[in-house]
Amino acid sequence: MKFAIQVNEGPYQHQSADTAYQFTKAVLEKGHEVFRVFFYHDGVNNGTRLGIPPQDDRNITKQWTALAEEYDLDLVVCVAAAQRRGLLDENEARRAGKDADNIADKFRISGLGQLIEAGIQADRLVVFGD
Amino acid sequence: MLHIVNKSPFERNSLETCLSLAMDNSTILLIEDAVYAAMQGGKFSDKMASAAEQCSVYVLAPDLQARGMPDEKIISGIKTVDYSGFVDLVADNKNVQSWL
Amino acid sequence: MTDEAMMDDEMDGEEGVIKKFLYVNRKAPYGTIYALESLEVVLIATAFDQDVSLVFIDDGVYQLIKGQNTEGIGVKNFSPTYRALEMYDVEKLYVSKDSMAERGLTEDDLIVPVEVLDNDQMKTLMEEQDVILSF
């Protein structure tokens, strides 16, 4: 079965960021397909590569990147939500005249249409948030 | 239909709204802070016990364990699932509503 | 998986199928960004020609209140956008009768025409959806 996941909260602030990861991992381990993980609201902050969590804590962004590498996941960060919150890839940074980008490996920035498409294409869409 | 609730009923009304809008025979899964609603002896326990008669009510075991909530104090009729069971609940229901 | 669920899945897989999308709004405006960013999703979604409904439950009904004036808080007033939804063929706006009553509100307090649903009607509406996006 094809799943889509929406993540609405940022890392560390709210457990839903972890729950979304644990759920997605379980979906993949059971042999289902994940059409897309879509990060919205403060959820876009899961995609920054500049976070430095304490060494004895999990690194949520790296967990996602590793999962994406293993299963070829599509991790999409909403562009409108990301621009508001200062999450940029190289293109966005250049276009907006910013001096840096901060998106993590395997994440990509795209439009809200990707969420709707995920809702259309996937058999189930599960929202995690506050 | 699967209803997912992640708020403590002592803090927010998500669970109460969910119970008022869940059809009989639907499935309810308590995760994150909503797991407190699965415990005996609280102000919402009677309500949850009767909800468990109308609907299938599940609680996410890793969230219970994280919060030190013992299995033996779970309201009778409420079943525990792990993440794998969570995935099955989503797959087995035609649609999902997260009561954020 | 049940047979019923399997059949629904096969139907969903067909090309050009129109799914029922429900946007569930349960949060007040301005206190958090959810109401605004939910509306942004709805506007983008209009390009996809899906069967869209919006419901307003609990504090979500406050999103539709007339007379919002945000000058004093330095935040954009996005409530006029609800009136524009009609132009994008988003016409199915539902509010919870209980949520309105609990807050002492009537339809006259709202900025757009809505259909007021009791709990049984709301249950039926939710049950028949394919995709439920909650904010």
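Here the structure is shown first, and the text comes after it.
Below you will find a few notes about this structure. (Residues numbered from 1 in each chain as written. Chains lettered and ligands numbered in written order. Predicted model: local features only at pLDDT ≥ 70, side-chain atom pairs only at ≥ 80, totals over all residues. Heavy atoms only, no water.)

Overview of the overall build of chain B
Just so we agree on the cut-off: In DSSP terms, a helix is any run of H or I states spanning at least four residues, a strand is any run of E spanning at least two, and both are numbered starting from the N terminus. Residue burial is assigned from relative accessible area. The probe radius is 1.4 Å, only protein chains are included, and a residue is buried under 20% of its type maximum, exposed over 50%, and partly exposed in between. Residue-level accessible areas treat just the shown protein chains as cover; the underlying method is Shrake-Rupley with a 1.4 Å probe. Charge assignment in this entry is limited to Lys and Arg as positive and Asp and Glu as negative, and neither His nor the chain termini are counted. Working definition for charges: the position is that of NZ of Lys, CZ of Arg, CG of Asp or CD of Glu.
Helix and strand counts for chain B stand at four helices and five strands. When the helices and strands of chain B are listed from N to C terminus, the series reads β-α-β-α-β-α-β-α-β. Projected onto its principal axes, the C-alpha positions of chain B cover 30 × 30 × 25 Å. With 100 residues in all, chain B has 59% of them scored as buried. Working note: accessible area of chain B is about 3,900 Å², and carbon and sulfur atoms make up 44% of it. Across chain B, the 8 positively charged side chains and the 13 negatively charged ones have centroids separated by 6 Å.

Re the sheet that holds strand S2 (residues 33-39) of chain A
Residue and element names in this part refer to chain A. Heads up, the condition is: Strands qualify as paired when DSSP identifies two bridges or more between them. Between N-to-C directions, angles span 0 to 180 degrees; the directions come from axes that are lines fitted to C-alpha atoms, helices contributing only their stretch in contact.
In spatial order, the strands read S4-S3-S2-S1-S5; together these five strands make up an open sheet with parallel pairing. Single-partner strands in this sheet number two, and they are strand S4 (107-110) and strand S5 (124-128). Taking each pair of neighbouring strands and ignoring which way they run, the sheet shows an average axis angle of 25 degrees. As paired strands, strand S1 (residues 2-7) and S2 are joined by six bridges and run parallel to one another.

So, the side chain of Ser99(C)
Here is the rule we go by: Residue contacts follow a heavy-atom distance rule, with two residues in contact if any of their heavy atoms lie within 4.5 Å.
On the secondary structure map, Ser99(C) appears in helix H4 (residues 97-102). Filtering out sequence-adjacent residues up to four positions away, Ser99(C) remains in contact with Ile57(C), Asp58(C) and Val61(C).

Here we look at helix H5 (residues 119-127) of chain C
Residue and element names in this part refer to chain C. Using the following cut-off: Relevant arc is that of directions from the helix axis to the C-beta atoms, nothing else. Between N or O atoms, a polar contact is any pair within 3.5 Å; within protein, one atom must be a potential hydrogen donor and the other a potential acceptor, and residues adjacent in sequence are included only when both atoms are from side chains.
Every buried residue of H5 is listed here: Asn119, Met122, Lys123, Leu125 and Met126. End-on, the buried residues of H5 take up no more than an arc of 165 degrees, which puts them together on one face. Its side-chain oxygen at 3.2 Å from the backbone nitrogen of Asp120, Asp118 defines the N-terminal cap of H5.

Some points on the interface of chain B and chain C
Convention followed: Two parts placed together each lose some accessible area; with a 1.4 Å probe, that loss summed over both constitutes the buried area. In the sections that follow, a salt bridge refers to a side-chain nitrogen of Lys or Arg positioned within 4 Å of a carboxyl oxygen of Asp or Glu.
Taken together, the contacts link 18 residues of chain B with 20 residues of chain C. Summing both sides of the interface, chain B and chain C together bury roughly 1,800 Å²; the carbon and sulfur share of this comes to 51%. Of all residues in chain B, the largest losses of buried area upon contact with chain C belong to Leu21(B), Met23(B) and Lys94(B), amounting jointly to 33% of the total for that side. Between the two partners, chain B and chain C, sit one salt bridge.

Considering the packing of aromatic side chains
Threshold: Pairing of aromatic rings covers Phe, Tyr and Trp, the last counted by its six-membered ring, and requires centre-to-centre distances within 6.5 Å; plane angles under 30 degrees mean stacked, over 60 mean edge-to-face, and any other angle means tilted.
In the structure shown here, the tally under the stated rule is 14 aromatic pairs over all chains. Pairing Phe39(A) with Trp64(A) gives two aromatic rings, centres 5.4 Å apart and planes at 90 degrees, and the pair type is edge-to-face. Taken together, the positions of Phe39(A) in strand S2 and Trp64(A) in helix H2 (residues 60-71) put the pair 25 residues apart, joining distant regions of the chain. Phe39(A) gets classed as buried once you look at its relative accessible area, which sits at 0%. Summarising the aromatic geometry, the rings of Tyr40(A) and Phe135(C) are spaced 6.3 Å apart at their centres and angled 80 degrees between planes, so their arrangement reads as edge-to-face. Placement of the pair is Tyr40(A) in the loop between S2 and H2 and Phe135(C) in the segment after strand S5 (131-134), with the two residues belonging to separate chains. Per residue, the accessibility class of Tyr40(A) equals that of Phe135(C), and both read buried. Counting every residue linked through ring pairs, the aromatic cluster contains Phe3(A), Phe23(A), Phe128(A), Tyr83(B) and Phe86(B).

Examining the environment of Thr24(A)
All names here are of chain A. One can find Thr24 in helix H1 (residues 16-29). You can call Thr24 buried: its relative accessible area is 0%. Between the C-alpha atom of Thr24 and that of Ile116, which follows or precedes it by 92 residues, the distance is 19 Å. Other than its neighbours up to four places away in sequence, Thr24 contacts Ile5, Val34, Val37, Trp64, Leu67 and Leu73.

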